[in-house]
Amino acid sequence: MKNKFIYLSLLAAGLIACEPEFNNEVTNASYSAGDADFSSYVAIGNSLTAGYMDGTMSRGGQMYSFPNLLSQQFAVVGGGAFTQPSYDDDVNDYGGLVFNGQPLLDDEVNRFPTRLIINATAGGPETINGTSTIDLANQQAMAYNNMGVPGAKSFHLLASGYGNLAGVPSGQANPYFARHATSPTATVMGDAMTKNPTFFTNWIGSNDVLSFATSGGVGVDQTGNLDPSTYGGNDITDPNVFAATYSAITDMLTSGGAKGVVATIPDVTSIPFFTTVPYNPLTTNLLGGGDSQVGAATMTQLNQQLYSVLDQILTNFGAGDRINALDLGAANPLLIKDESLTDLSAQITAVASTIPQYAPIADFLGQTYGQARQATANDLVLLTTRGVIGTAPAGVPAPFNSFGITYPLQDSHVLTAAEGEMVKVATTSYNNTIKAIAASKGLAVADMNAILNQLVSGLRVEDGQIYTADYFSTSALNTTVFSLDGVHPNARGYAMVANEIIKVINSYYNAKLPNIVPGYYPGATVLPTN
């Protein structure tokens, strides 16, 4: 039953990926750089700056990075050469990463798989078949104009050794920076400054909170901890650490008199990774595999054997609102674990042990449902959870072995309302810092948080087209601006980002740069088979 509620009517006839090309070359002499100097443009950031899309860096994807698109418009008004880390070794445009010809594994799972495509035969996104040819052993030892490093948090840009290849297998260094760091002790900002920027964009900070969110809150809010060297990979950066780091980065970028644009951090609720999978997909049609009568019988049985029983037990302890019987005529919420709830494991075990048919599994019931509840509209089910719902957790006995239905989805599957609030607080603090530091330095601000939030209801651009965050909808495949990983833009989305920055530059720096038309750029890659 998994995925059926996600991929209904995913593919429309004729939706085939376009070959990368740029059709909007301009040479109009009326364009002007205004008060800006684009002779040496440097881009600072993370994956959103690097051109990451469809779950990886790839040769084809990188050419659509928003800094690369900007540099083409800057060239019209005297902008200098713009370089990006080479992906020429990605001969098949598969993306991914290997090290000395071998994949980098974490618990037997490839940490850097190939890029996502839509398999028309299977009816959904999957990694493209093939082996990555991007080998970390082929180091470039070169600073580039695009210094976006996928996975980087703010403080990583100042960290010596962040690009030390020897630290990659253990996770102590970043493989993307290790590909081109000028030395094992180089810093991202140190290498960037060798380009002597006259203009810059800075879109760093998303990973300071986003990795916590995309992991389902499997991390720690480090507010109050001023030592980032003690942070875990998914932790939320302390706001004071972020502020000090962001200030130091800005000081470096402006030290030679460079002007620039800084971008705010998008709120997670604006990206499809958190908005695609509904919190309440359980219907009689779903549970019956398309047969609502079978589903009704299944739902009735679930109520009798589990939901109503748990509801009665929890009601006795003042927690009856956690789990209610399923409604045969409605879309019902998923069952999830919420670690913020008072643990009622002992109470459930005690009551279950007095019921003959449940006594043998009383301990299991207590441990499994002590912090269980049904999801609400304020909980965000991760895009990666779509393939988990309805599958069997390892070692869990039937009939309790169905994730989200009879067995709670775990912390890594859902960003709960409480965890979402932590993300919101941190994001607001970071964005306030970005705007304040920009004001103190006289820098322009591209409010990407506001822009991406508009995509939820639809953002109309200059050519009249409305772009949205409607991720898996047949009618929206040509107008969505997110790639198949649900977090990063697709080529069309990066064009939109670049265009928004151009509007800011034109307004703030009195420039006259040509606009970019997002509609010229491709969306998802659709293959007839994989």
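Rules and cut-offs
Residues numbered from 1 in each chain as written. Predicted model: local features only at pLDDT ≥ 70, side-chain atom pairs only at ≥ 80, totals over all residues. Heavy atoms only, no water. Helix = DSSP H or I, 4+ residues; strand = E, 2+ residues; numbered from the N terminus. Buried < 20%, exposed > 50% of the residue type's maximum accessible area, 1.4 Å probe, protein only. Contact = heavy atoms within 4.5 Å. Areas by Shrake-Rupley, 256 points an atom, 1.4 Å probe, with all protein chains shown as cover. Pairing = 2+ DSSP bridges. Axes fitted to C-alpha atoms, helices over the stretch in contact; angles between N-to-C directions. Bend = angle between axes of the 7 residues up to and from the residue. Polar contact = N/O pair within 3.5 Å; in protein donor to acceptor, adjacent residues only side chain to side chain. Salt bridge = Lys/Arg side-chain N within 4 Å of Asp/Glu carboxyl O. Expected span 1.5 Å × (residues − 1). Phe/Tyr/Trp six-rings, centres within 6.5 Å; stacked < 30°, edge-to-face > 60°. Parallel < 35°, antiparallel > 145°, perpendicular 65-115°, else oblique. Left-handed = near helix turned anticlockwise from the far one by under 90°. Nonpolar A, V, L, I, M, F, W, Y, C, P; charged D, E, K, R; others polar. 1 Å grid on protein atoms, 1.4 Å probe; cavity = no way out; pocket = protein on both sides within 12 Å on 5 of 7 lines; lining within 4 Å. Points joined across faces, edges and corners; volume = space filled by probe spheres on them.

Q: Mind showing me how you'd approach the overall build of the chain here?
A: Assigned secondary structure in the chain consists of 14 helices and 18 strands. For the chain, the residues scored as buried account for 55% of the 530 residues in total. For the chain, the share of sequence-separated contacts (at least 6 apart) that also reach a separation of at least 24 residues comes to 75%. Total accessible area on the chain is roughly 20600 Å²; 51% of this is exposed by carbon and sulfur atoms.

Q: Explain the pairing of strand S1 (residues 41-45) to me, please; I cannot follow it from the model alone.
A: Moving residue by residue along a regular strand, the side chains alternate between the two faces of the sheet. Burial analysis of S1 places 5 of its 5 residues in the buried class, the great majority of the element. In terms of strand pairing, S1 meets strand S9 (residues 199-203) through 5 bridges, oriented parallel. In the strand pairing of S9, alanine 43 is matched with threonine 201. Bridge count for S1 against strand S8 (residues 146-148) is 3 bridges, and the pairing is parallel. From the neighbouring strand, alanine 43 faces S8, where its bridge partner is asparagine 146.

Q: What's the story with the sheet that holds strand S18 (residues 526-527) in this structure? I'm lost.
A: Strand pairing in a sheet relies on backbone hydrogen bonds. The paired strands run either parallel or antiparallel. If you walk across this open sheet you meet the 3 strands as S7-S6-S18, and the pairing is mixed. The open sheet terminates on both sides in strands that have one partner only, identified here as strand S7 (124-127) and S18. As paired strands, strand S6 (residues 116-119) and S7 are joined by 4 bridges and run antiparallel to one another. Its bridge partner being in S7, isoleucine 117 is matched across the sheet by glutamate 126.

Q: I'm lost on the sheet that holds S8 in this one. Help?
A: Strand order across the open sheet formed by 5 strands is S8-S1-S9-S10-S15, with parallel pairing between neighbours. The open sheet has two edge strands, S8 and strand S15 (444-446), and neither has a second partner. Sheet twist, expressed as the average angle between the axes of neighbouring strands with direction ignored, equals 15°. In the packing of helix H7 (residues 239-254) onto the sheet, contacts are made with S1, S9 and strand S10 (259-263), and the angle to S9 comes to roughly 165°.

Q: Honestly, helix H9 (residues 292-316) in this entry has me stumped. Any pointers?
A: Given 3.6 residues to a turn, an α-helix orients residues that are three or four positions apart in the same direction. The principal kink in H9, of about 55°, is found at asparagine 303. Residues of H9 that are buried: Gly295, Met299, Leu302, Asn303, Leu306, Tyr307, Val309, Leu310, Asp311, Ile313 and Leu314. Lining the buried residues of H9 we find helix H8 (284-287), strand S11 (335-337), helix H10 (345-352), helix H11 (362-369) and strand S12 (372-374). N-capping of H9 is provided by aspartate 291, with a side-chain oxygen placed 3.0 Å from the backbone N of glutamine 293. Glycine 318 occupies a position one or two residues after H9 and carries a positive phi of about 75°.

Q: It is not clear to me how the pattern of salt bridges should be interpreted in this structure. Could you clarify?
A: Applying the stated criterion to the full structure yields 7 salt bridges. Residue aspartate 338 is joined to arginine 373 by a salt bridge in which the shortest nitrogen-to-oxygen separation is 2.8 Å. With aspartate 338 in the loop between S11 and H10 and arginine 373 in strand S12, the pair connects residues that are 35 residues apart, well separated along the chain. A salt bridge links aspartate 447 to lysine 435, with the nearest nitrogen and oxygen atoms 3.9 Å apart. Taken as a pair, aspartate 447 in the loop between S15 and helix H13 (448-454) and lysine 435 in helix H12 (residues 417-441) lie far apart in primary sequence, 12 residues in all. With relative accessibility at 38%, the residue lysine 435 sits in the partly exposed group. Bridged by salt links that share partners, the residues Asp338, Arg373 and Asp379 form one connected network.

Q: Can you walk me through H7 in this structure?
A: Over its 16 residues, H7 extends 22 Å from the first C-alpha to the last, a length consistent with the 22 Å expected when each residue adds 1.5 Å. Packing partners of the buried residues in H7 comprise S1, helix H5 (188-193), S9, helix H6 (207-214), S10 and H12. At the N-terminal boundary of H7, the capping side chain belongs to aspartate 238, with an oxygen 2.8 Å from the backbone nitrogen of asparagine 240.

Q: Would you mind going over the packing of aromatic side chains with me for this structure?
A: Pairs of aromatic rings are described using the distance from one ring centre to the other and the angle between the two planes. Under the counting rule described, the total for this entry stands at 19 aromatic pairs. Look at tyrosine 41 and phenylalanine 74: their rings are 5.0 Å apart centre to centre, the planes differ by 80°, and that puts the pair in the edge-to-face class. Of the two residues, tyrosine 41 is situated in strand S1 and phenylalanine 74 in helix H3 (residues 66-74); the sequence distance between them amounts to 33 residues. For the pair formed by tyrosine 41 and phenylalanine 74, the shared burial category is buried.

Q: What am I meant to see in the packing of H7 against H12 here?
A: Relative orientation and spacing of two packed helices are given, respectively, by the angle between their axes and the distance between those axes. As a packed pair, H7 and H12 sit with axes 10 Å apart at the nearest point and diverge in direction by 30°. As judged from the angle between their axes, H7 and H12 are roughly parallel. The way H7 lies across H12 gives a crossing that is right-handed. Along the contact surface, H7 presents Pro239, Phe242, Ala243, Tyr246, Ser247, Thr250, Asp251 and Thr254, while H12 presents Ser429, Tyr430, Thr433, Ile434, Ile437 and Lys441. Its residues placed into classes, the contact of H7 with H12 shows 7 nonpolar, 5 polar and 2 charged.

Q: Hey, could you run me through unusual backbone geometry in this one?
A: Glycine aside, the phi torsion of most residues is negative, and most peptide linkages are trans. The omega angle of the peptide bond from alanine 398 to proline 399 is 5°, so this bond is cis rather than trans. Mapped onto the elements of the fold, proline 399 is located in the loop between strand S13 (380-381) and strand S14 (414-415). Phi at aspartate 54 is positive, roughly 55°, even though this residue is not glycine. Residue placement: aspartate 54 occurs in the loop between helix H1 (47-50) and helix H2 (59-62).

Q: I tried to follow the packing of H10 against H11 on my own but got confused; where do I start?
A: At a closest axis distance of 7 Å, the pairing of H10 and H11 adopts a crossing angle of 150°. The angle between the axes of H10 and H11 places the two elements in the roughly antiparallel class. The interaxial crossing formed by H10 with H11 has right-handed handedness. Residues Ser345, Ile348, Thr349 and Ala352 of H10 form the contact with H11, whose own contacting residues are Ala362, Asp363, Leu365, Gly366, Gln367 and Tyr369. Taken together, the residues of the contact of H10 with H11 sort by class into 5 nonpolar, 4 polar and 1 charged.

Q: I would appreciate a short explanation of the environment of valine 388 in the present structure.
A: The residue valine 388 is located in the loop between S13 and S14 in this model. Between the alpha carbons of valine 388 and glycine 404 there is a distance of 8.3 Å; along the sequence they are 16 residues apart. What valine 388 contacts, discounting residues up to four positions off in sequence, is Phe403, Leu409 and His413.

Q: So what exactly am I meant to see when it comes to empty space enclosed by the protein here?
A: The probe, sized like a water molecule, is rolled over the atoms to show the empty space still left. In this structure the tally under the stated criterion is 3 cavities of 30 Å³ or more. Space inside the largest cavity adds up to approximately 120 Å³. Considering the residues around the largest cavity, the lining is formed by 16 residues, among which Leu48, Leu210, Pro266, Ile271 and Val487 are closest to the centre. Those elements that provide at least two residues to the lining of the largest cavity are H1 and H6. Taken together, the residues that form the lining of the largest cavity break down as 10 nonpolar, 5 polar and 1 charged. In this structure, the second largest cavity occupies an estimated 70 Å³ of space. Going through the elements one at a time, S8 and helix H4 (175-178) are the ones with two or more residues in the lining of the second largest cavity. Class assignment of the residues belonging to the lining of the second largest cavity gives a composition of 8 nonpolar, 4 polar and no charged.

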